[in-house]
Amino acid sequence: MIRPTVVDVARRAGVGRSTVSNVLRGTGRVSEATRARVLAAAHELEYVPNAAARRLRGAATGTIGVHLPENPSVSAYYMEFLFGVLDHAVRHDRDVTVLTGTRRPRVDGLILSDAHPAEPLLDPRTNGDIPVVTCEDVAGHRPDGVVWADHGAALTTLLDELGAARPALLVPAETTDWAARLSSAYRAWCAAHGAPELLARIDWIPTVPGLEAAVRSLDGFDALVCGPVDSAAMLLPALRPRLAEGLLLACATDSTACALTDPPITAIDQNPRLAGRRCAELLDGLLAGTAEPGTRVEVPLRLVHRASTARH
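A brief report on the enclosed structure follows. Just so we're clear, the structure is a prediction, and the values are computed from it rather than from any experiment.

### Remarks on the packing of aromatic side chains
What the rule picks out here adds up to two aromatic pairs. Pairing Tyr-77 with Tyr-78 gives two aromatic rings, centres 5.1 Å apart and planes at 90 degrees, and the pair type is edge-to-face. Just as Tyr-77 is buried, Tyr-78 falls in that class too. Judged by centre distance (5.5 Å) and plane angle (85 degrees), the ring pair of Trp-178 and Trp-204 falls under edge-to-face. With Trp-178 in helix α8 (residues 177–193) and Trp-204 in the loop between β7 (198–201) and α9 (208–216), this residue pair connects regions lying 26 residues apart in the sequence. Seen from the ring of Phe-221, Arg-242 lies directly overhead, with NZ or CZ sitting 4.4 Å from the centre.

Below is the structure:
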């Protein structure tokens, strides 16, 4: 017989995992109605907490874990995101551990950025049922807290301001919320403006050959929006002759490279440092019981106008 887990109790009671944990430990701010619902669900499922795990959770380590996508060191976005987490940690006397594996982490809580639905650390059986905050939503999961941004609205604004009749989009597969929001907004924009869908898939951490191959697979575009950080700058040498003829180039993720290229590249400022800081703040609130499980915090985005989108 498979033993019920905290996730099973949470689903039965219609609450988050951390709410169940708070009720069973007698901590946090939980209404009496919610407490009664959780206890009833635990009784119906004959849920028995793991005493060893409960003792482990009770011994705070003073450390939070951060899990980033593969090869984060090649992406300026993830480095800035991590610095944002550190900004908060330093001010609140916390240590930060960057997790590179999928073993059960010895931390008080987890921050996951751009997690895929199959990420093992989203599973309570792997993460030890500690509070989890994700940067962006994760399909099929209900983390204890979510820090998110309206990437679709930002891309729509960018496409409107480009004013192109046949814009193309280079974006990774829709396995993350960011890529899914970009792809959905692009399709909606094309449908609303009677434009063809010129969308090509690229790697999450793209290479110049991969980007150039994706461009060759598209035909007849008068503007190109590249998704991942630095991808537009990486393509600039190959596209320079077409830029002189009027091609518009933009990036969905701003970086120093976008500002320093010649011409500089218009981009969407994803505010990664603020996103990292908001994730750390929310996780601390969940650990202290001052934030409600299921809390969502939005990070504002802005369009940074530069010369590469100017019509000649």
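### Here we look at the nonpolar core
Among soluble globular proteins, nonpolar side chains are generally buried collectively. Of all hydrophobic cores here, the largest spans 47 residues; its most connected members are Leu-155, Leu-170, Leu-224, Val-225 and Leu-249. Examining the composition of this core, we find that seven residues originate from one element, α8, more than from any other. Formed by 21 residues, the second largest nonpolar core is a distinct cluster that contains Tyr-78, Ile-111, Val-133 and Cys-135.

### A few points about the pattern of salt bridges
Oppositely charged side chains can form a pair if their charged atoms are brought close together. Summed over all chains, the structure comprises 17 salt bridges. Arg-12 is the salt-bridge partner of Glu-44, the closest N and O atoms lying 2.8 Å from each other. One end of the pair, Glu-44, is in helix α3 (residues 32–45); the other, Arg-12, is in helix α1 (residues 6–13), and 32 residues separate them in sequence. For Arg-12, a relative accessible area of 46% puts it in the partly exposed group.

### Remarks on the sheet that holds strand β2 (residues 95–99)
Taking strand neighbours across the sheet as the criterion, the six strands line up as β2-β1-β3-β4-β5-β11 in an open arrangement whose pairing is parallel. Of all strands in the sheet, those bounded by a partner on one side alone are β2 and β11 (295–298). Across the sheet, the axes of successive neighbouring strands diverge by a mean angle of 20 degrees, strand direction being ignored. In the sheet, strand β1 (residues 63–67) pairs with β2 via five bridges, with the strands oriented parallel. Across the sheet, Val-66 pairs through a bridge with Val-98, a residue of β2.

### Here's the deal with the packing of helix α7 (residues 151–162) against α8
One can describe the packing of α7 onto α8 by two numbers: an axis separation of 8 Å at closest approach and a directional angle of 40 degrees. Judged by the angle between their axes, α7 and α8 are oblique. Considering only the axes of α7 and α8, their crossing is right-handed. For the pair α7 and α8, contact is made by His-151, Gly-152, Leu-155, Thr-156, Leu-159 and Asp-160 and by Trp-178, Arg-181, Leu-182, Ala-185, Tyr-186, Trp-189 and His-193, respectively. The class makeup of the residues in the contact of α7 with α8 is seven nonpolar, four polar and two charged.

Quick notes on the rules
Residues numbered from 1 in each chain as written. Predicted model: local features only at pLDDT ≥ 70, side-chain atom pairs only at ≥ 80, totals over all residues. Heavy atoms only, no water. Phe/Tyr/Trp six-rings, centres within 6.5 Å; stacked < 30°, edge-to-face > 60°. Buried < 20%, exposed > 50% of the residue type's maximum accessible area, 1.4 Å probe, protein only. Helix = DSSP H or I, 4+ residues; strand = E, 2+ residues; numbered from the N terminus. Lys NZ or Arg CZ within 6 Å of the ring centre and 35° of its normal. Core = buried A, V, L, I, M, F, W, Y, C linked by side-chain atoms within 4.5 Å. Salt bridge = Lys/Arg side-chain N within 4 Å of Asp/Glu carboxyl O. Pairing = 2+ DSSP bridges. Axes fitted to C-alpha atoms, helices over the stretch in contact; angles between N-to-C directions. Parallel < 35°, antiparallel > 145°, perpendicular 65-115°, else oblique. Left-handed = near helix turned anticlockwise from the far one by under 90°. Contact = heavy atoms within 4.5 Å. Nonpolar A, V, L, I, M, F, W, Y, C, P; charged D, E, K, R; others polar.

Note that all results are geometric; they support no functional claim without further evidence.
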